[in-house]
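Examination of the molecular architecture
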Amino acid sequence: MSCGADKQANLNKAIEKTKEAVAAGAQIVCLQELFTSLYFCDVEDYDNFKLAEAIPGTSTDALSKIAAELNIVIIASLFEKRTQGLYHNTTAVIDADGKYLGKYRKMHIPDDPAFYEKFYFTPGDLGYKTFKTKYANIGVLICWDQWYPEAARITSLMGAEILFYPTAIGWATAQDDATNTEQYNAWQTIQRSHAVANGVHVVSVNRVGFEQDGAMKFWGGSFVSNPFGTVLKQASHDKEENLIVEIDTSKTDSYRTHWPFLRDRRIDSYQPITKRYIDED
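The structure reproduced in this document is the subject of the present report.

Moving on, we get to the overall build of the protein chain. Counting its secondary structure elements, the protein chain contains five helices and 13 strands. Expected size for 281 residues packed as a compact globule is a radius of gyration near 19 Å; at 18 Å, the protein chain falls within 12% of this value. For the protein chain, the spread of C-alpha atoms along the three principal axes comes to 50 × 50 × 40 Å. Of all 281 residues assigned to the protein chain, the portion counted as buried reaches 48%. Within the protein chain, contacts between residues separated by at least 24 positions form 66% of all contacts whose residues are at least 6 apart in sequence. Carbon and sulfur atoms provide 51% of the accessible area of the protein chain, an area that totals close to 13500 Å².

If you want it as structure tokens, here you go:
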């Protein structure tokens, strides 16, 4: 989905596309990162804090109504205003009866040119989360979390059958095609590796369209990977699309018994991972 400057219009568009997805068979719908607005973190602008809202709040209320009406789970990434001066990049999960199940606050916050998220977002303090929905026990992580195998591992160890990654990542339009391809392949490869290492399906949902006055092309490429890292379906880089992918979570046991990575983990040896860097004496 592409986004515009009108917050209500973006929400309405997401609801219409959700209805289209459900008509095609969807039971769990994941919306992209910060779907109610343009990706505003390209600049450090205090006015952008006005985009934030309470969770639960106006957007989750509207989505809860749709979830109950259509009997679907909705994963909704929003800009959360926790209190005055405290904001998070947060995803709400709504069950198929319209019940708000809870939220996950983005743990890893980037700060790169055109992605100045540390200006806006306090790192998550809820830890990693799973949500028992009508259709599956799901784990939710957000965008920059994608690069961290620790986050995928912990969420999987908490019982997630599917990892969902709402995302907003793009290419600078001044960048060459070879670099674009290399970056997309790295992004997809790291997430496919999470699927393999943890024996779970991974669903990554990105936005499309030109933003930042044409300087940024969000690269789309949303995809679903099975636990062997096979891409079951992938979206284009420039079109708005609904991908409907059937996932059989009962096969997780087969994947994990044939490649028993969880069985063979040496948890007694992993203490050094809690250090920032392992310096030599």
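Picking up where we left off.
Turning next to the pattern of salt bridges. Overall, the coordinates contain 15 salt bridges when judged by the stated rule. Between K13 and E240 there is a salt bridge whose closest N-O contact spans 2.6 Å. One end of the pair, K13, is in helix α1 (residues 7-23); the other, E240, is in the loop between β13 (231-234) and α5 (252-258), and 227 residues separate them in sequence. For K13, a relative accessible area of 26% gives the class partly exposed. Taking the relative accessible area as the measure of exposure, E240 reaches 34% and is therefore partly exposed. Among the charged side chains, a salt-bridge network with shared partners connects E80, R82, K103, R105 and D125.

This next bit is on unusual backbone geometry. For the bond running from I55 to P56, omega is 0°, close enough to zero to count as cis. With respect to the helices, strands and loops of the structure, P56 is situated in the loop between β1 (28-30) and α2 (58-70). Its identity as a non-glycine residue notwithstanding, N71 has a phi of 60°, on the positive side. Structurally, the position occupied by N71 is in the loop between α2 and β2 (73-83). The phi torsion at D213 lies on the positive side, around 55°, for a residue other than glycine. Within the secondary structure, D213 sits in the loop between β10 (208-211) and β11 (216-219).

Cut-offs and rules
- Residues numbered from 1 in each chain as written.
- Predicted model: local features only at pLDDT ≥ 70, side-chain atom pairs only at ≥ 80, totals over all residues.
- Heavy atoms only, no water.
- Helix = DSSP H or I, 4+ residues; strand = E, 2+ residues; numbered from the N terminus.
- Rg over C-alpha atoms; globule rule 2.2 N^0.38 Å.
- Buried < 20%, exposed > 50% of the residue type's maximum accessible area, 1.4 Å probe, protein only.
- Contact = heavy atoms within 4.5 Å.
- Areas by Shrake-Rupley, 256 points an atom, 1.4 Å probe, with all protein chains shown as cover.
- Salt bridge = Lys/Arg side-chain N within 4 Å of Asp/Glu carboxyl O.

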